[in-house]
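The chain contents come next:
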Amino acid sequence: FFFFEILSLTSFVWVIHEETREAIRAAKTYFFIAIIGGLTLFMGLALMYQSTGTLRYDELHDAIAASQNPGFVYAAGICILLGFGAKAGMFPLHIWLPKSHPVAPSPASALLSGILTKVGIFGILMTAVPGFFGNASFGLVILLAGTVTMALGAVLALFSVNLKRTLACSSMSQIGFILVGIGTAVFLSGMTETASVHSEEAAHLAHESIELAHSGLVLHMVNHSLIKLTLFMAAGVFVMNLHKLNLNEIRGYGRKKPLLLIPFILGALGISGVPFFNGYISKTLLHEGLVAAQEALEHAAGSYAALLHGIEWIFLVSGGLTFAYMLKLFICIFVEKPDTAHGAIVPGTDTPYMNRLSTGVLLLSAILLPFLGQPAISGRVAAWMTGDNVFAHFHAFSWTNLSGSFISLGIGACVYLLIVRHVLMRAPEETEGRKRYVDLWPKWLDLEDFVYRPVLLKILPAAGGAFASVFAENKILCPLCILILKAGGLAAQFLSVSTDGLLILFHDTFMRERVVRADRIRFRKLRGIQKSLARAYSSISMNFSFALMMTCLGIIVILAVILAFHYM
């Protein structure tokens, strides 16, 4: 938990690096989601320890099963899931992800997608599998959250007209695929232990489903990281050369650039689940895990089997949307001609766009993708990561498995031809020019502006005011409450500016450039120091130090409450 929270602070710098208005807003959104998620995670860990007496992975399953407070244990699991899910980009805590990637530098985007989100997934995996393995309700929660994340991310990526935002929403969708695998494994294990799967054949199918889902999710974690590292590094070529990301402005820039075409198309084919590429192997494992789960529950729990059948089709459609938006990017950048009427730059055939080192690193990363798409190699990777050689019962290129991939690819091709070309591309009304890519996603559906900001900035303060008015009716408590609020406000103001004020004071006195005359140091006059301090006190409510200090105070309060309960 300690290093997980350090990751929030360090990755915050990745997002705010450019210091533009959009970067600052996105960084604040990411930071507060990370902090709220971290506090929720801490609350879950505290509840878990209070209810089970341990947080050790190897003891957690037995401790949860023997706990006398199953309600507290379940609440702790949900808090832990939300805390790690905030980093992973899980719905409904995904709002930072589509906004952070477009404003962050491309190397930061590669790390955010390839590493940061996987840290959150790893936390969910290490909580769900050792601790809640056998808990069908908890597995169902993860399965449903993963399904929504998978589908919503794919839809957002399809509507996006920004290169890096499309890749960011794609990361959100792929996180959903992984969560579906975790949810399937935990849910089936719970159905098996509760005798919902009672026949020998159904139990065998359930065990097979768990193995397939577990192998698929850990393999897709690796595959997605490598694919997105490649794609975001390729996107960095556009940023460094054009300083633009809008599809209408970078349209056709990749034409006659084979060293950029090769890594991009290998990444696109991998993430789309095309056979003989690494994404196909991991997605097929996840899909076969869902199919085996349906067969296991078909006679024992028909309603759950129908639910899994619906999730399977959402899985296939989301995979098709993945192919559709990657096809959209590829055709826009590498096939279509530049639209100079709307700011697109005509690429020069002799102009260098990558140096040798960048070219070598990008090509080497891309070559790994089809290399890992071979079953023998993927099998060894999955067996090493899971400790089980599950590929002995998995035939990657059987017609059954290939048909699932072909269904997704067919759906994607239809979506591109019918929706992207005819709905998401429109010709300007005032001219008869070429069609442009348009973003038709409703602005009011932004979850941050539609839900979170109104709740935090309007509803909660109004509720606090109503709560205070109740206390105002008590003549004894009212003056005391007012005194406490005023004292707290003054303390918060002091804590907010004390650090900045101290730094500015040292900067303008001891750390300033000094003028030496006759071996005597002349310092700034007292009036100048007062102006410097006043500058520090001028911004309180929006001060970043204030946010950090309040976070620390929140953690201290939680620790105090835990210690109080511990010694009671």
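Check the entry above for the structure.
Criteria and thresholds
Residues numbered from 1 in each chain as written. Predicted model: local features only at pLDDT ≥ 70, side-chain atom pairs only at ≥ 80, totals over all residues. Heavy atoms only, no water. Phe/Tyr/Trp six-rings, centres within 6.5 Å; stacked < 30°, edge-to-face > 60°. Buried < 20%, exposed > 50% of the residue type's maximum accessible area, 1.4 Å probe, protein only. Helix = DSSP H or I, 4+ residues; strand = E, 2+ residues; numbered from the N terminus. Lys NZ or Arg CZ within 6 Å of the ring centre and 35° of its normal. Expected span 1.5 Å × (residues − 1).

**Some words on the packing of aromatic side chains**
Under the definition given, this model contains 14 aromatic pairs. Here the aromatic rings of phenylalanine 31 and phenylalanine 32 are separated by 5.9 Å at their centres, their planes lie at 75°, and the arrangement is edge-to-face. Residue classification places phenylalanine 31 among the buried residues on the basis of a relative accessible area of 2%. Pairing phenylalanine 264 with phenylalanine 334 gives two aromatic rings, centres 5.3 Å apart and planes at 50°, and the pair type is tilted. Residue phenylalanine 264 is located in helix α11 (residues 258-271), and its partner phenylalanine 334 is located in helix α13 (residues 302-335); the two are separated by 70 residues in the primary sequence. Taking the relative accessible area as the measure of exposure, phenylalanine 264 reaches 1% and is therefore buried. Taking relative accessible area as the criterion, phenylalanine 334 reaches 9% and is therefore assigned buried. An aromatic cluster is present here, built from Phe12, Phe31 and Phe32 joined pairwise through their rings. Here the guanidinium or amino end of lysine 87 rests over the ring plane of phenylalanine 4, the centre of that ring lying 4.3 Å away. A cation over a ring is seen here: lysine 283 above phenylalanine 177, with NZ or CZ 4.6 Å from the ring centre.

**Concerning helix α1 (residues 2-16)**
Taking 1.5 Å as the rise per residue, α1 with 15 residues should run 21 Å; its terminal C-alpha atoms sit 22 Å apart, in good agreement. Three or more residues of α1 are buried, namely Phe4, Glu5, Ser8, Ser11, Phe12 and Val15.

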